[in-house]
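# An overview of the molecular structure
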Amino acid sequence: MLVGTVMRKIKSRTWKKQRYFKLQDDYMTIWYKSKKAGNTHSTFSVSDVEAIREGHQSEVLLSIADDFPAERCFTLVFRGRRGNLDLVAESAEEAQSWIRGMRKLIENLENMGEREKLDQWIGDWFKKADKNNDGRMNFREVRDLLKMMNVDMNEHHAHRLFTMADKSQSGTLEDDEFVLFYKMLTQREDVLRVFQEYSVDGQKLSQSDLEDFLREEQLEGNDTQQHAKQLIERYEPSDTAKLLNAMTFDGFLMYLGSAEGSIFNPQRRGVYQDMSQPLCHYFISSSHNTYLMEDQLRGQSSVEGYIRALTRGCRCVEVDCWDGANGEPIVYHGHTFTSKILFKDVVNAVGNYAFKVSEYPVILSIENHCSVEQQRVMAQHLNHILGDKLLKSTLDGKAPIGLPSPEDLRGKILLKAKKIGGLEESFNGMVEDSLTGEFSDEDEAAEIEEDNLHRESKSKQRLSKELSDCVVYCKSVHFSSFKHSRIHSKFYEVASFTESKARKHLREAGAEFVHHNSRQLTRVYPSGFRTDSSNFSPQEMWNAGCQIVALNFQTAGEGMDLNDSLFSQNGRCGYILKPDFMREIEKRFDPEMPPKLDGCQPVILNIQVISGQQLPKVNIKEDSIVDPLVRVEIHGVPMDQAKQETRYIENNGFNPVWYDTLRFSIHTPELAMVRFVVEDYDKTSKNDFVGQYALPFSCMQQGYRHIHLLSKDGTSIPPSSLFVHIRITGLE
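Rules of the game
- Residues numbered from 1 in each chain as written.
- Predicted model: local features only at pLDDT ≥ 70, side-chain atom pairs only at ≥ 80, totals over all residues.
- Heavy atoms only, no water.
- UniProt positions renumbered as here; feature names shortened; annotations may be inferred.
- Salt bridge = Lys/Arg side-chain N within 4 Å of Asp/Glu carboxyl O.
- Helix = DSSP H or I, 4+ residues; strand = E, 2+ residues; numbered from the N terminus.
- Buried < 20%, exposed > 50% of the residue type's maximum accessible area, 1.4 Å probe, protein only.
- Pairing = 2+ DSSP bridges.
- 1 Å grid on protein atoms, 1.4 Å probe; cavity = no way out; pocket = protein on both sides within 12 Å on 5 of 7 lines; lining within 4 Å.
- Points joined across faces, edges and corners; volume = space filled by probe spheres on them.
- Nonpolar A, V, L, I, M, F, W, Y, C, P; charged D, E, K, R; others polar.
- Phe/Tyr/Trp six-rings, centres within 6.5 Å; stacked < 30°, edge-to-face > 60°.
- Lys NZ or Arg CZ within 6 Å of the ring centre and 35° of its normal.
- Right-handed = clockwise from strand over helix to strand, strands pointing away.

An unreviewed UniProt entry annotates the protein chain as Phosphoinositide phospholipase C of Seriola lalandi dorsalis. Note on the protein chain: under the UniProt heading Cofactor (unreviewed entry), the record states "Ca(2+)".

The tally for this structure, following the rule as stated, stands at 32 salt bridges. Taking the shortest distance from any N to any O, the salt bridge between Lys-16 and Asp-67 comes out at 3.2 Å. One end of the pair, Lys-16, is in strand β2 (residues 16-23); the other, Asp-67, is in the loop between α1 (59-63) and β6 (73-78), and 51 residues separate them in sequence. Here Arg-675 and Asp-561 are joined by a salt bridge, their closest N and O atoms 2.9 Å apart. In this pair, Arg-675 sits in strand β27 (residues 673-680) while Asp-561 sits in helix α20 (residues 558-566), placing the two residues 114 residues apart along the sequence. For the pair shown, Arg-675 and Asp-561 are each scored as buried.

Counting buried positions along strand β3 (residues 29-34) yields five of six residues, so the element is predominantly enclosed. Pairing of β2 with β3 involves five bridges; the strand directions are antiparallel. Its bridge partner lying in β3, Leu-23 is registered against Ile-30. Hairpin remark: β2 followed by β3, antiparallel, with five residues in the connecting loop; positive phi at Tyr-27, about 60°. Examined bridge by bridge, β3 and strand β4 (residues 42-45) share four bridges and lie antiparallel to one another. Bridge pairing in β4 links Tyr-32 to Ser-42.

Each pocket or cavity is described by its volume, and for the second largest pocket that value is around 840 Å³. Taken together, 37 residues make up the lining of the second largest pocket; nearest its centre are Asn-265, Gln-267, Arg-268, Ser-698 and Met-700. Elements with a minimum of two residues in the lining of the second largest pocket: α9 (224-235), α19 (539-542) and β22 (575-577). Residue composition of the lining of the second largest pocket, grouped by class: 17 nonpolar, 13 polar and seven charged.

Another aspect to go through is the packing of aromatic side chains. Evaluated as defined, the whole model comprises 27 aromatic pairs. Taking 5.4 Å as the distance between ring centres and 75° as the angle between the ring planes, the aromatic pair formed by Phe-139 and Phe-162 counts as edge-to-face. Taken as a pair, Phe-139 in helix α4 (residues 139-148) and Phe-162 in helix α5 (residues 155-165) lie far apart in primary sequence, 23 residues in all. Classification of Phe-139 by relative accessible area gives buried; the value is 13%. Site record: aromatic cluster; members linked through ring pairs are Phe-195, Tyr-198, Phe-213, Phe-249, Phe-252, Tyr-704 and Phe-723. When the ring centre of Phe-264 is taken as origin, the NZ or CZ atom of Arg-269, which lies over that ring, is 4.0 Å away.

A separate point is the pairing of strand β15 (residues 413-417). On a regular strand, each side chain points to the face opposite its neighbour's, so the side chains alternate between the two faces of the sheet. Of all five residues making up β15, five are buried, and the element is well covered by its neighbours. The side-chain alternation of β15 yields two buried faces, one formed by Ile-413, Leu-415 and Ala-417 and the other by Leu-414 and Lys-416. As paired strands, strand β14 (residues 362-368) and β15 are joined by four bridges and run parallel to one another. Residue pairing in the sheet places Ser-365 in a bridge with Lys-416 of β15. Following the backbone out of β14, through helix α14 (residues 372-386) and into the adjacent parallel β15, one traces a crossover that is right-handed. By the bridge criterion, two bridges tie β15 to strand β18 (residues 474-477) in an arrangement that is parallel. Residue pairing in the sheet places Ala-417 in a bridge with Lys-475 of β18.

This part takes up unusual backbone geometry. Here the bond from Pro-718 into Pro-719 is cis, since omega is 0°, no more than 30 degrees from zero. The topology assignment puts Pro-719 in strand β30 (residues 716-730). In this structure, Gln-169 takes a positive phi of about 50° despite not being glycine. Relative to the elements of secondary structure, Gln-169 occurs in the loop between α5 and α6 (175-185). Positive phi outside glycine occurs at Asn-570, with the angle close to 55°. Within the secondary structure, Asn-570 sits in the loop between α20 and β22.

What follows is the structure, given as structure tokens:
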């Protein structure tokens, strides 16, 4: 990799061009250029790569499978919503050396400690700024670097730091001198204040100083003695301090910048919830029109949409099926210009990726527009490709009395679609061969027409017995009313609502809706008018206990931030247990007017926003430096919805300091999400987005914490962070 390799970069069946790829000496950057393009080249960082797929594992490589053997092909998948890089090596050995090499580099990166990450980051900046590549930096290069780093520092101050760091007095900074310069630049006065408050001698924290800090500030009640010991062992860089069982300021800073010092409680990271309750007692991470990569009218349909959703922990994907050529059903957004893909390719992708990140069940939500003949083909593909993974009968082979749990259904794929008759009939052999049923209730084109008030009578559709037999616990039905459901509906029936219908029911009969959702599954999907693939806020649907709240995973923004937030806990497994007051039928919880539930006193959340660190540049303009402000949003029941902002700090994206306190009162903390948004203040136009982070209120750690910011896409942007102090108190 260090020597460099010529490989073909493939964009389509016709676009295949040779590029020269080489790993740079930093073992972090891949550099590549075309043979002809003179000096122009491109680079990407190993840290941008999420996964490497071997063989024909992307649509582009599948389309050229006949030209190039699988063992020479591989795909680099990038984080966020950036397109894949499909490559063909000259030989199988060369492909293997890149596949193995990239995986090793990614693994090294993931195993890096906080200190190494920081050194790596400093080194990256050094390379960016060392314009003439002589391994040293003069003052002009340093000044340009400060601009790149979002620092607006007066010339005099910058020159003073430069001179102090230039130990060799050569007028330039070399490697270790630059590290010193960087450390002086990033001196954390805010953290030093806290350190000195708890340090008896102002130089170090003894183990008992650290225990006091953990108990009084971080509110860690359990064995603080043991924890203090572990933290010194884990984060203290100085061996001398370790021998004294003490922590220096450097170690304290490392701890506060680590996962343990972050706002998200590490104990909520893995699977910690009871996974043996009925399916309807969980919120389920769900995607809408999963095959679309862009908008709803002209966008590209792609199997990649399914792979991306499933590897983000999504557990319910949608498949719109239509009759295709040569008897093969196709998937696309009907009556639009979106491109078409084969149903069998979708099923293959689901089979391959369903359980890569979560072992809990995947629901295939089918919108079926196919003829009986092609429905039979669909059933064949499902059975043939998924085999034992496809759930074909109730778990114990007997007529069931309730929904099974995620635990019971591990490794299983469930079909949600229309079914001939009920689950009971399949046990007494009462099903006819094919039956005429109503047309799919989830047809979004029909929904738009209905909203325009000229909907013709529903067209009738015949269902094939083969496809119907694949439906066990998720039978799609038309919803009449909550009263009708209470009397007639079966636990395995699933109704689907557009967001506007769901909102109407929520407002008119919130408690009824919650009650309905304690007994059966409900799916909510975006209005057909959202042709740009925008999202509604899933929070209001979760407030009513709706489990399958389907979002456009391909669209970044508040909706997906909240979805990522809810599902970032519990092992990112795609299932989150609903609060008990939404599961117990006698509780009668109404999200519009949450009562004072037993033991559910409203709480006060105090957030002191102290400072920001190295916020990313939003404006590409060379001279622009951000004027950051922080907005904290509470998303929850209507009574809890709230937003507050800090002031903005002029011209400082590097180390802005606020010390602003925001205060919120929260009545239903079990449903609340807290979202932090950093924006670049602009008095004449809309503020620019800088970074964000959202988490469930129940996953917050108290005390002094760092918030590691994410981009609009939900990918990390190290070392950008906020430093805050969190206190949660009961209302007196």
